[in-house]
Amino acid sequence: MLLRSYTKEIFRPQCNPSFQSLHCIAHLDQDITEALPYLNATLGGFEYLKEPPAVTFRVHGKIITVHPREIAVNALKDEEEADKIIEWLKREINDAWEKRDQIKPKYEGLPKPKLLEILKLLPKTNCRECGQPTCMVFASLVCQGAKSGHDCPPMDEVKRKKLREYMTQFQLDQ
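Residues numbered from 1 in each chain as written. Predicted model: local features only at pLDDT ≥ 70, side-chain atom pairs only at ≥ 80, totals over all residues. Heavy atoms only, no water.

Peer 1: Break down the overall build of the protein chain for me, citing the residues and quoting the values.
Peer 2: Secondary structure summary: the protein chain contains five helices and six strands in total. Tracing the protein chain from N to C terminus, the helices and strands come up as β-β-α-β-β-β-β-α-α-α-α. In terms of principal-axis extent, the alpha carbons of the protein chain reach across some 55 × 40 × 25 Å. Counting all 174 residues of the protein chain, 40% fall into the buried class. Just so you have it, the protein chain exposes about 10200 Å², and 51% of that area is on carbon and sulfur atoms. (Helix = DSSP H or I, 4+ residues; strand = E, 2+ residues; numbered from the N terminus. Buried < 20%, exposed > 50% of the residue type's maximum accessible area, 1.4 Å probe, protein only. Areas by Shrake-Rupley, 256 points an atom, 1.4 Å probe, with all protein chains shown as cover.)

Peer 1: Requested: an account of the side chain of K62, with residues and values cited.
Peer 2: Along the chain, K62 falls in strand β5 (residues 62–66). Polar side-chain contacts of K62 include one of 3.0 Å to the backbone oxygen of A75. Here the side chain of K62 touches E81 through a polar contact of 3.2 Å, side chain to side chain. Excluding anything up to four places from it in sequence, K62 contacts F57, V73, N74, A75, L76, E81 and I85. (Polar contact = N/O pair within 3.5 Å; in protein donor to acceptor, adjacent residues only side chain to side chain. Contact = heavy atoms within 4.5 Å.)

Peer 1: So what's going on with the nonpolar core? Which residues, and what values?
Peer 2: I32, V66, I71 and I93 are the most contacted members of the largest nonpolar core, which totals 28 residues. Looking at which element gives the most residues to this core, the answer is helix α2 (residues 79–98), with seven residues. Ignoring anything within four residues of it in the chain, the contact list for I32 reads L2, L3, V66, H67, P68 and I93. Core analysis: the second largest hydrophobic core is formed by 16 residues, L119, F138, A139 and F170 among them. (Core = buried A, V, L, I, M, F, W, Y, C linked by side-chain atoms within 4.5 Å.)

Peer 1: Just give me the short version of the sheet that holds strand β2 (residues 22–28), but keep the residues and values in it.
Peer 2: The antiparallel open sheet is built from six strands, whose spatial order is β1-β2-β6-β5-β4-β3. Each edge of the sheet is formed by a strand with only one pairing partner; in this case those strands are β1 (6–11) and β3 (47–49). On average, adjacent strands in this sheet sit at an angle of 15° to one another, irrespective of strand direction. Looking at chain direction, strand β4 (residues 54–59) and β5 are connected through five bridges and run antiparallel. Looking at β5, one finds that F57 is bridged to I64. Each of β3, β4 and β5 is contacted by helix α1 (residues 36–43), which is oriented at about 25° to β4, the strand it contacts most. (Pairing = 2+ DSSP bridges. Axes fitted to C-alpha atoms, helices over the stretch in contact; angles between N-to-C directions.)

Peer 1: Kindly report on the pairing of β4, identifying the contributing residues and their values.
Peer 2: One ladder, built from three bridges, connects β3 with β4; its direction is antiparallel. Looking across to β4, one finds that Y48 is bridged to V55. Here β4 hands over to β5 after two residues, with H60 in that stretch at a positive phi of 50°.

Peer 1: Give me the pattern of salt bridges: which residues, what numbers.
Peer 2: Should their charged atoms come close, side chains of opposite charge can pair. Applying the stated criterion to the full structure yields eight salt bridges. A salt bridge links K99 to D95; its shortest N-O distance comes to 3.3 Å. For K99, a relative accessible area of 37% puts it in the partly exposed group. The class of D95 is partly exposed, set by a relative accessible area of 33%. (Salt bridge = Lys/Arg side-chain N within 4 Å of Asp/Glu carboxyl O.)

Peer 1: Tell me about helix α4 (residues 135–144), and name the residues and values.
Peer 2: If you check which residues of α4 are buried, you get C135, F138, A139, L141, V142 and C143. Buried residues in α4 make contact with α3 (115–121) and α5 (157–168). Phi for G145, located one or two positions after α4, is positive at around 85°.

All quantities given are derived from atomic positions and should not be read as evidence of function.
Dropping the structure here:
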């Protein structure tokens, strides 16, 4: 077993203390650097950084980043949810480490959507019906998975379908 123990820190974001959601950082008592590429391979990390080493996952509306000595999780409803996620990751880390001889390590994240490809599909009217100041801003939110074609009222169904198909390959379609 690689990861045996950690200490947990639960807090509200300092940038906006009125947020209802909580954040959690699990400070790991063991260094798991060598397990990160195996964890990335088994769980399909959204982003993988070599220096400093880290892998980020987007799971159920949360961003989870695993570093060599800590795990950071955002948008938690309570401490119980934090415990479930951290314990699940602990099991996944140890499982990936124990089966590393059967896993091909992965040193890169998922491919990312291209902003201009998304912009090509938008009506480019800057109408603001989506709530954004420009189509470029809207496209950047689609790129991040925060918006979809359904959030653009003037977009026709053919282009909406093309956008959905394009975004599906990045596992970001909503």
